[in-house]
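Observations on the three-dimensional arrangement
For reference, the chains in residue letters:
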Amino acid sequence: MKRGVTTAVAALVLAAGLAGCAGSSAPAGSAGTSSDDAATTLTVFAAASLKSSFTELAETFEAQHPGTRVSLSFAGSSDLATQITQGAPADVFASADTKNMDKVTVAGLAEGEPRVFATNTLAIAVPAGNPARVTGFQDLARDGLRLVTCAKQVPCGAAAATVADKAGVTLRPVSEENAVTDVLGKVTSGEADAGLVYVTDVKSAGGRVDSIPFPEAGAAVNSYPIAALSGAKNQEAAKAFINLVLGSDGQQVLAKAGFGAGGQ
Amino acid sequence: MKLRARQPYTGIPRWVSGLAVLSALVVVLPLVAIVARVNWANFIPLVTSESALDALGLSLRTSAASTLLCIVLGVPLALVLARGSFPFQRLLRSLVLLPLVLPPVVGGLALLYTFGRQGLLGGALQVLGIQIAFSTTAVVLAQTFVALPFLVVSLEGALRIGGQKYEAVAATLGAPPGVVFRRVTLPLILPGLASGAVLSFARSLGEFGATLTFAGSLQGVTRTLPLEIYLQRETDPDAAVALSLVLVAVAVAVVALAYGRPGGLQRQGPAPWGGSSRRPTTPGAAGGTVR
């Protein structure tokens, strides 16, 4: 009896393990072996902040290109750049900053020059109702105000440091987070009185946070570059997707999410 | 099918050994990979940078504090769970063990909704002028939350195996419960307590998710070593790898302390249950199965 149970458990564990392996290798395999309708998959690696807009654009793209499926992977730009340089099978890379796109171009993995398709600026996010009555950037240095920013090592933190520098304000955050979503989380939960995030983050948070725009934000404008990758199995689809993002349809969707227009 | 009970049986099917090698590789190979990635030329400067030392110091301090807190809170709980008899005892045990299987980020959220400004106790804490979020206290709380089950499991195992014979004898000799606890129970469970404490310390040292969610991340205040590694990875992978190795080394030292020496911690104390210490290996009590 006992042995039966043990065997069953072992079999289950083994089966789960095999299923896991099969699952992870399936996309690559199925893309190569599908025969009838020649369905192709376009894999797009995009910065986490692009989630809602790129999800919408992927649907538009699939409607315009029947037979092509867009597979989206969202994560921090530095994670994505690392994955690409380590050989992840992506066709298009959309980064939230030029630094991480540079990692990919320096490695010789980008096809052609990356093109800037959107910009993003910082905004002050405060819990709904603005309990600490923050009115501008200078207020962030106020004694006893619980400010949360990104760490200087990540793009949103570097932008915050640039802005503070230009404005001559010394920020003393109670926490320096790894990701802008963590900053937003501390604000939505009401733990922080204010946080420095991107305009688009405030939009995506809906009514849970209020936003205080500030003129000093212009000192640090974040550019979002996009590029097809040299390893792309379907260069044409990759280029078509990039054109959609840069075109009027794409720009409209991005503007709705709070992004500024791309310069090039 | 029938095995003769008293003979030690050592036959292992070949496929089991094969899978065992595979499973050992699953653990060992990534460790080898990280060692291979270390930039040895810069290793010392990387691990002795100001932020790295701050993080290591903070990690050791907070882990020590949370281990202490685990002992203070865990001993009574384990005693009640092992020896008490009250309604919903099993339910309570399951609940106490929950942090073992809960994703740490869920623990962090739960703590936030308990001790945060708008949390369950937030109002009361604010009246008392206590701010927990973004403080070192928050780190200790997060670590205690995830590490407490390790201590309770270890100790409960030791208590159950130990039985209550000695206590019963002490009681018949007229010792009040307080004296029995101090003079008999405590010395008996000391080995189990020690291995539980070591495990709690190790778990605290590795705590990441709950801390990030609940305490935040600020150098010298809340940014423990795992958080520092996660941050350094963004810009300086070499530093992240070097610090990872430091954490691995500390973890190895801790595990060695708990299990490595022949006999282990369990042997230091008296073993009233004699040599027949074979028993089901619960994760925490595994340290006691040394023969």
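As shown above, the structure is provided for reference.
Since the structure is predicted, the reported quantities are computational estimates derived from the model, not experimental observations. (Residues numbered from 1 in each chain as written. Chains lettered and ligands numbered in written order. Predicted model: local features only at pLDDT ≥ 70, side-chain atom pairs only at ≥ 80, totals over all residues. Heavy atoms only, no water.)

**A look at the nonpolar core**
Most often, soluble globular proteins keep nonpolar side chains buried together rather than apart. Residue and element names in this part refer to chain A. Let me state the cut-off plainly: By convention a nonpolar core is built from buried Ala, Val, Leu, Ile, Met, Phe, Trp, Tyr and Cys residues, the set being connected through side-chain atoms within 4.5 Å. Accessibility here uses a 1.4 Å probe with only protein chains present; expressed as a share of the type maximum, an area under 20% marks a residue as buried, one over 50% as exposed, and anything in between as partly exposed. We count a stretch as a helix when DSSP gives it H or I for four or more residues in a row; a strand needs E for two or more, and each element gets its number in order from the N terminus. Two residues form a contact once any of their heavy atoms are found within 4.5 Å.
One finds Ile124, Val134, Phe137 and Leu140 to be the most contacted residues of the largest nonpolar core, which totals 39 residues. When residues of this core are traced back to their parent elements, those giving at least two are strand 5 (122-127), strand 6 (147-150), helix 5 (155-167), helix 6 (180-188), strand 8 (194-198) and strand 9 (209-212). Beyond its immediate stretch of four places on either side in the chain, phenylalanine 137 contacts Ile124, Val163, Ala164, Ala167, Val169, Leu171, Leu196, Phe214 and Glu216. Within the second largest apolar cluster, 29 residues are counted, among which are Leu57, Ala94, Ile226 and Ile242.

**Brief notes about the packing of helix 8 (residues 165-172) of chain B against helix 9 (residues 177-206) of chain B**
Residues and elements named next belong to chain B. How we decide: Only the stretch in contact is used when a helix axis is fitted, and all axes are lines through C-alpha atoms; the angle between N-to-C directions ranges over 0 to 180 degrees. Roughly parallel refers to an angle under 35 degrees, roughly antiparallel to one over 145, roughly perpendicular to one between 65 and 115, and oblique to any angle outside these ranges. By convention the crossing between two helices is left-handed if the near helix lies anticlockwise of the far one by an angle smaller than a right angle, and right-handed if it lies clockwise.
Contact geometry of helix 8 with helix 9 gives a least axis separation of 10 Å together with a crossing angle of 165 degrees. If you check the angle between helix 8 and helix 9, you find them roughly antiparallel. Here the hand of the crossing between helix 8 and helix 9 comes out right-handed. Facing Tyr166, Glu167, Ala170 and Ala171 of helix 8, the residues of helix 9 in contact are Val180, Val184, Thr185 and Leu188.

**Quick word on the side chain of threonine 68 of chain A**
Residues and elements named next belong to chain A. Condition: As used in this structure description, the phrase polar contact means that two N or O atoms lie within 3.5 Å; if the pair is within protein, one of them must be able to donate a hydrogen and the other to accept it, and residues adjacent in sequence are counted only when both atoms belong to side chains.
Following the sequence through the fold, threonine 68 ends up in strand 2 (residues 68-75). With a relative accessible area of 14%, threonine 68 lands in the buried category. Of the polar contacts made by the side chain of threonine 68, one reaches the side chain of threonine 40; its length is 3.4 Å. If near-sequence neighbours (up to four positions away) are discounted, threonine 68 is found in contact with Thr40, Leu42, Phe61 and Glu62.

**Points about the sheet that holds strand 2 of chain A**
Residues and elements named next belong to chain A. Test applied: A strand pair is defined by DSSP finding two or more bridges across the two strands.
Spatial ordering of the open sheet is given by 2-1-3-10-4-11, a layout of six strands whose pairing is mixed. The open sheet is flanked by strand 2 and strand 11 (260-261), the only strands paired with a single partner. Note that strand 4 (residues 110-120) and strand 11 share two bridges and pair antiparallel. Within strand 11, the residue paired with threonine 119 across the bridge is glycine 260.

**Here's the deal with the pattern of salt bridges**
This is how the line gets drawn: Basic side-chain nitrogens of Lys or Arg form a salt bridge, by our definition, when they fall within 4 Å of a carboxyl oxygen of Asp or Glu.
Inspection of every chain in the model, using the stated rule, returns 12 salt bridges over all chains. Here arginine 142 of chain A ties to aspartate 139 of chain A by a salt bridge, and the two come within 3.9 Å at their closest N and O atoms. Judged by relative accessible area, arginine 142 of chain A falls into the partly exposed class, the value being 36%. Since its relative accessible area comes to 18%, aspartate 139 of chain A is described here as buried. Several salt bridges share partner residues, and in doing so they unite Asp79 of chain A together with Arg233 and Glu234 of chain B into one network.

**Quick word on the interface of chain A and chain B**
Contacts between chain A and chain B engage 24 residues on the former and 21 residues on the latter. Linking chain A with chain B are three salt bridges, by the criterion used here. For arginine 233 of chain B, the salt bridge identified is with aspartate 79 of chain A, shortest N-O distance 2.6 Å. At the boundary of chain A and chain B, one finds 12 residue pairs in polar contact (both at pLDDT 80 or more). Put simply, the parts of the chain that give the side of chain A that touches chain B at least two residues each are helix 3 (77-85), helix 4 (98-106), strand 7 (175-177) and helix 6 of chain A. In terms of residue count, strand 7 of chain A provides more of the side of chain A that touches chain B than any other element does, three residues in total.

**Focus on unusual backbone geometry**
Positive phi values are uncommon outside glycine, yet arginine 133 of chain A reaches one of about 50 degrees. Relative to the helices and strands, arginine 133 of chain A resides in the loop between strand 5 and strand 6. Classification of arginine 133 of chain A as exposed rests on a relative accessible area of 63%. For phenylalanine 134 of chain B, which is not a glycine, the phi torsion comes out positive at approximately 65 degrees. Among the secondary structure elements, phenylalanine 134 of chain B is positioned in the loop between helix 6 (122-127) and helix 7 (136-162).

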